[in-house]
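Read off the chains here:
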Amino acid sequence: MSKIYRAMEIFCKAVNVICMAAIAVMMLAVFADVVMRFIFSRPISGVTELAQCCWMVMTLSFGVVIMENANTMVDIFVNKMHPQAKRIVILFVDVVAIAYCFVIGYRTILKSISSANANIMYVMLGLKEWPVMLLFACSFLIAGIATILVTITEWQSNTIACREYKLNGKAAKTEGA
């Protein structure tokens, strides 16, 4: 189990670098398009499609967020709960998140297949749509797997109610269990 967890962690950290590059490209492209559109009245063709592709690449960071427990949680109610109740609520939220990730991943794979069959393209970029959609689906599947690994690890070590959540760059530890 720890080898799988470690492999996922290394993979997610590598993907983090790709996501940082994607957000930089998206920000520069949108900024350049805004300048060209409003100052020179000449928008840049394909920036919207490029921004959409970059956003889909950035969703790969979901796995990194989950693996590092950097996701935020509305804990105004959870912090007031008994540790066992908190543990059950967090487990329920994790199960819902896992189901959501796999449903979105599955539906996006179906969309990718139909896009490949219909030969849909990003016209301005000259790219086929299906690889980008498949990458988007993989990001949700990776997030689902990461959530499963984190949940199992925390449940086995009885620390599921002691997660640390990062709020505004600072760690805020929930108490219990």
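Source: prediction; values computed, not measured.

So what's going on with the packing of helix α4 (residues 83-118) against helix α5 (residues 129-156)? Residues and values would help.
Following both chains from N to C, one finds α4 and α5 inclined at 160 degrees, their axes separated by 8 Å at the closest point. Relative to α5, the element α4 is oriented roughly antiparallel. At the point where α4 passes α5, the crossing takes the left-handed sense. A breakdown of the residues in the contact of α4 with α5 according to their chemical character gives 19 nonpolar, 7 polar and 4 charged.

Describe the environment of I23, and please don't skip the residues or the numbers.
Examined against the element boundaries, I23 turns out to sit in helix α1 (residues 2-38). A relative accessible area of 37% means that I23 is categorised as partly exposed. On a C-alpha basis, the gap between I23 and W55 in space is 7.4 Å, while along the polypeptide they are 32 residues apart.

Give a detailed account of the pattern of salt bridges, specifying residues and quantitative values.
Summed over all chains, the structure comprises 2 salt bridges. Between R37 and D33 there is a salt bridge, with its nearest N and O atoms 3.1 Å apart. With R37 and D33 both in helix α1 and 4 residues apart, the pair spans about one turn of that helix. Residue R37 is classed as partly exposed on the basis of its relative accessible area, which comes to 39%. For K111, the salt bridge identified is with E129, shortest N-O distance 3.7 Å. You can see K111 sitting in helix α4 and its partner E129 sitting in helix α5, a full 18 residues away along the chain.

Talk me through unusual backbone geometry; I want residue IDs and the actual numbers.
Of note in this structure, S41 is not a glycine but carries a positive phi near 55 degrees. Phi is positive for N119, close to 55 degrees, though the residue is something other than glycine. Within the fold, N119 resides in the loop between α4 and β1 (121-122).

Tell me what's going on with the environment of M81, and back it up with residues and numbers.
Counting through the fold element by element, M81 comes out in the loop between α3 (62-67) and α4. Taking the relative accessible area as the measure of exposure, M81 reaches 30% and is therefore partly exposed. Not counting the four nearest positions on each side in its chain, M81 is found in contact with K86 and V89.

Reading the values: rules and limits
- Residues numbered from 1 in each chain as written.
- Predicted model: local features only at pLDDT ≥ 70, side-chain atom pairs only at ≥ 80, totals over all residues.
- Heavy atoms only, no water.
- Axes fitted to C-alpha atoms, helices over the stretch in contact; angles between N-to-C directions.
- Helix = DSSP H or I, 4+ residues; strand = E, 2+ residues; numbered from the N terminus.
- Parallel < 35°, antiparallel > 145°, perpendicular 65-115°, else oblique.
- Left-handed = near helix turned anticlockwise from the far one by under 90°.
- Nonpolar A, V, L, I, M, F, W, Y, C, P; charged D, E, K, R; others polar.
- Buried < 20%, exposed > 50% of the residue type's maximum accessible area, 1.4 Å probe, protein only.
- Salt bridge = Lys/Arg side-chain N within 4 Å of Asp/Glu carboxyl O.
- Contact = heavy atoms within 4.5 Å.

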